[in-house]
Amino acid sequence: MKRKLILDSMCGRLARWLRFLGFDVLYLREADDDVLLSTASETGRVLVTRDEELYERAVKNGIESILLTSVDHVENMSQVLRGLEADVALPPEETRCPLCNSPLLEVGPAEALNFLPSREIARRYGKFWLCDKCGKAYWMGSHWRNIEKILSEVRRNIRER
Ligand SMILES: [Zn+2]
């Protein structure tokens, strides 16, 4: 079972990526430190933050926390996954909507059609993932190579430590 996470307001991009990797990520853009700490503690989530002071408060209060020390996206992903001792894997049945954190549903072209920008996309790709909460559809389009590239950089980065 994957650990659940809570990310502070400076980690929006990271939140989207971790959801995509199948983590249940709560991302509170407006929350102050007290809310982040109490939510983490009440829900058993690991707090991920760039804020050293917040990190220290979490640790002092017995809340598991990961401090991000880099401005680099790949390095940040590596720090979180190392901290969680998690694999860099993309299990399609676990992936979550990067925007709203809902689990995605794998569907075929016919079911996805109404959610796609064009029929052409339904024809070209066999598999789709739907978010029934925000109505967004995902598929392994041209951006996929870039995703794979970043994930392999993360893998290499984790191995080299
Ligand atoms: Zn969604």
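The structure presented is a predicted model; accordingly, all values stated were derived computationally and were not measured.

Scanning the protein chain from terminus to terminus reveals seven helices and seven strands. Listed by position from the N terminus, the elements making up the protein chain come as β-α-β-α-β-α-β-α-β-α-α-β-β-α. The C-alpha radius of gyration computed for the protein chain amounts to 17 Å, which stays within 12% of the reference 15 Å derived for 161 residues, consistent with globular compactness. Principal-axis analysis of the C-alpha atoms gives the protein chain an extent of 55 × 35 × 25 Å. By the burial criterion, 29% of the 161 residues in the protein chain qualify as buried. Sequence-distant contacts in the protein chain: of pairs separated by 6 or more residues, those separated by 24 or more amount to 48%.

Below, the discussion takes up the packing of helix α1 (residues 12–20) against helix α4 (residues 73–84). The geometry of α1 relative to α4 is characterised by a closest axis approach of 11 Å and an angle of 55° between their N-to-C directions. Comparing the axis directions of α1 and α4 gives the class oblique. In the packing of α1 onto α4, the handedness of the crossing is right-handed. Listed contacts from α4 to Arg-13, Leu-14, Trp-17 and Leu-18 of α1 are His-73, Asn-76, Met-77 and Val-80.

The tendency in soluble globular proteins is for nonpolar side chains to be buried as a group. Core analysis: the biggest nonpolar cluster contains 28 residues, and Leu-7, Leu-18 and Val-48 have the highest contact counts within it. Contributing elements (two or more residues each) for this core: β1 (5–7), α1, β2 (25–27), α2 (33–43), β3 (46–49), α3 (52–60) and α4. The element contributing the most residues to this core is α1, with five residues. With residues up to four places along the chain from it excluded, the contact list for Leu-18 reads Leu-5, Phe-23, Val-25 and Val-80. In this structure, Leu-104, Phe-128, Trp-129 and Leu-130 belong to the second largest nonpolar core, which totals nine residues.

Moving on, we get to the sheet that holds β3. Backbone hydrogen bonds hold the strands of a sheet together, and the pairing may be parallel or antiparallel. With parallel pairing, the four strands of this open sheet are ordered in space as β2-β1-β3-β4. A single partner strand is all that each edge strand has here, and the edge strands are β2 and β4 (65–67). Across the sheet, the mean angle separating the axes of adjacent strands is 20° when strand polarity is ignored. Of the pairings in the sheet, the one linking β1 to β2 comprises three bridges and is parallel in character. Bridge pairing links Leu-5 to Val-25 in β2.

Let's shift gears to unusual backbone geometry. The backbone of Glu-85 shows a phi angle near 50°, a positive value even though the residue is not glycine. Secondary-structure assignment places Glu-85 in the loop between α4 and β5 (105–107). Even without being glycine, Asn-101 reaches a positive phi, approximately 80°.

A word on the sheet that holds strand β7 (residues 137–138). Taken in spatial order, the three strands make up an open sheet running β5-β6-β7, and their pairing is antiparallel. Where the open sheet ends on each side, the last strands, each with one partner, are β5 and β7. As paired elements, β5 and strand β6 (residues 128–130) share three bridges and run antiparallel to each other. Its bridge partner being in β6, Leu-105 is matched across the sheet by Leu-130.

What counts and what doesn't
Residues numbered from 1 in each chain as written. Predicted model: local features only at pLDDT ≥ 70, side-chain atom pairs only at ≥ 80, totals over all residues. Helix = DSSP H or I, 4+ residues; strand = E, 2+ residues; numbered from the N terminus. Rg over C-alpha atoms; globule rule 2.2 N^0.38 Å. Buried ≥ 20, exposed ≤ 12 C-beta atoms within 10 Å, placed from the backbone. Contact = placed C-beta atoms within 7 Å. Axes fitted to C-alpha atoms, helices over the stretch in contact; angles between N-to-C directions. Parallel < 35°, antiparallel > 145°, perpendicular 65-115°, else oblique. Left-handed = near helix turned anticlockwise from the far one by under 90°. Core = buried A, V, L, I, M, F, W, Y, C linked by C-beta atoms within 7 Å. Pairing = 2+ DSSP bridges.

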